[in-house]
Amino acid sequence: MNKFSKFSDKNVGFTETERKLSEICSKTFLKLWTWTSLYNDEGIKKNGKGNEICDLLVYFSNTVIIFSDKHVTYTEDSAKNIPEDDGTSVAWKRWKRRAIHSSVKQIEGAESWIRTHYDRIYFTEKCHESERFPFIHSENISKLKIFRIAVANGSPLPLFLGAGIGDAINTGVRDRHDNYVHVFDGQTIEALTQELSTVNEFVKYLEEKERIEKEGFFLKYERVSELDLLATFLLSPSISRGAGLYVKEDKFKIESYDELNSASDYLNGKEEDKVSIIFDDMIESISAQFIKGTVICTGYSQFEANQNVLEILCNFDRLSRRELSKSIVAKFKETSGRAISSRSMLLGEDDQSYTKNSIFAVVIFPKAVCKGMTRLEYEKERRLIAQAYATYYQLKIDKERDIVVVVFDNILETPGSWATNYKSFMGRVYKKDFSLVYRGKTSIVDEDLSLLHNMQQKWGILKSSPVRMFYDRAYQFHD
């Protein structure tokens, strides 16, 4: 724990399946947003330690995902596997009660505590005041959107959705308040988080699934595989729309997950996505600094300010991250030596196929041009440069847009390395550190204008720089 980060050392789970779930979610949602075994203080007076709220909780930008993870051994006794009058076996009923219904109960209890005692949630069972969970508070408690996931392991049967009768069908699982609970096994949750690899894509899938369930979609089928539903979601983007479950279309069909890796548009999209690791690594770098309590690159000293920056960056979906990463690579390719240069992008221009409709600018500002400056002086100047570019691009493009500006030092590199190993190349860039500035819309003040003028005069930048606008759209999957 440190004075800035508010974070205690993270739990990683007590059981093998909890540790696996934590690992899977950390890769998708970032360690920053993924918390295993949070506690309330109910048991402190009696037992000297708090009670676990849930197995894992994801918090991101007023969205909460509550996970309950159970591994229950399935009874293999053949006598208990014979279907009864209702079409299901005793073995299935017992396993479902212990693996799914008990998870639903745990999730319901966790949600109740979060909604009524959000100020009494802690990182450890000691429940010290300094270990209070900082993300949920009085200002956002009424805005929370909560999703509920039961991860049920141990059944030899694959889990299905649908209106059929028999073991392994889990349609319409709800808590006592009629809240929908998603039920996945370990294999399914791993596939979902691999394919829906940003927070908003994962949440969009949950939202779409809950929507069609409410509309009675699953009652039209005897059995629907969750993975086939995932494949249907993944293959739905087109020129006119993003990913979704367009079940009311005349030509709608459920795709096969087993055939996903033979779909040319999907494979092309995956190949295109490889470059987006550049943006992922930038977020990881900032997140790691945030958790340690030393967020050098953002320059902010307030916890809330750095949380806001990370939420803005994490809100870019995979398609957006791909295009932003390409922009970063292109800027390095075209900038040599001591040149100062920049490139801006406005993703979408109100096109809902992109998640975040913000201006993004990448700037190369080499330390080599800052003769006589110490490293600390250069870092301060780099931040001022970032602020100046933020003002310039908002004025030129749209003052009603949020903007993110990232300023890098340049590095000596052979031309071929960009195409062969993005991660290695950008690892060296991030090792030299960078500055990041985020500014909300309509927030330019006189001081910003004065700084822009001073930076223009001092460095000869942004005096006659035309802003080139491109209106082409990128597509997540294409032939």
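Up top is the structure.
Residues numbered from 1 in each chain as written. Predicted model: local features only at pLDDT ≥ 70, side-chain atom pairs only at ≥ 80, totals over all residues. Heavy atoms only, no water.

### Here's the deal with the packing of aromatic side chains
Under the definition given, this model contains 26 aromatic pairs. Both rings, one in Y74 and one in W95, keep their centres 6.3 Å apart while their planes meet at 50°; by these two values the pair is tilted. Here Y74, found in the loop between β5 (63-71) and α3 (90-116), pairs with W95, found in helix α3; they are 21 residues apart in sequence, far enough to count as distant. We note that Y74, like W95, is buried. For the ring pair F133 and F135, a centre distance of 5.3 Å and an interplane angle of 70° mean the geometry is edge-to-face. Through a chain of ring-to-ring contacts, the aromatic side chains of W33, W35, Y59, F60, F123, F133, F135, F290 and F303 assemble into a single cluster. (Phe/Tyr/Trp six-rings, centres within 6.5 Å; stacked < 30°, edge-to-face > 60°. Helix = DSSP H or I, 4+ residues; strand = E, 2+ residues; numbered from the N terminus. Buried < 20%, exposed > 50% of the residue type's maximum accessible area, 1.4 Å probe, protein only.)

### A look at the pattern of salt bridges
For the structure shown, the criterion picks out 28 salt bridges. Among the salt bridges present, the one from K93 reaches E84, with a minimum N-O distance of 2.7 Å. The partner of R375 in a salt bridge is E379, and the shortest N-O contact between them spans 3.5 Å. Residue R375 and its partner E379 are both found in helix α11 (residues 375-396); the two are separated by four residues, about one turn of the helix. Bridged by salt links that share partners, the residues R375, E379, D409 and K432 form one connected network. (Salt bridge = Lys/Arg side-chain N within 4 Å of Asp/Glu carboxyl O.)

### A short note on unusual backbone geometry
Phi angles above zero are rare outside glycine, and S61 is one such case at about 50°. Mapping S61 onto the fold places it in the loop between β4 (56-60) and β5. Phi is positive for A168, close to 80°, though the residue is something other than glycine. Take A168: it is sitting in the loop between β8 (160-161) and β9 (182-184).

### Focus on empty space enclosed by the protein
Scanning the entire structure with this criterion turns up one cavity of 30 Å³ or more. What the largest cavity holds in volume is close to 40 Å³. Around the largest cavity, the lining residues are L159, F160, L161, N170, V183 and E226. The class makeup of the residues in the lining of the largest cavity is four nonpolar, one polar and one charged. (1 Å grid on protein atoms, 1.4 Å probe; cavity = no way out; pocket = protein on both sides within 12 Å on 5 of 7 lines; lining within 4 Å. Points joined across faces, edges and corners; volume = space filled by probe spheres on them. Nonpolar A, V, L, I, M, F, W, Y, C, P; charged D, E, K, R; others polar.)

### A closer look at the nonpolar core
Buried together is how nonpolar side chains tend to be arranged in soluble globular proteins. Formed by 112 residues in total, the largest nonpolar core has its most connected members in W33, F133, M282, L313 and F408. Top contributing element to this core by residue count: α3, with ten residues. Residues contacting M282, with those up to four places away along its chain left out, are L313, F360, V406, F408, Y430 and F434. By size, the runner-up hydrophobic cluster in this structure holds 27 residues, among which are A361, V369, V407 and L451. (Core = buried A, V, L, I, M, F, W, Y, C linked by side-chain atoms within 4.5 Å. Contact = heavy atoms within 4.5 Å.)

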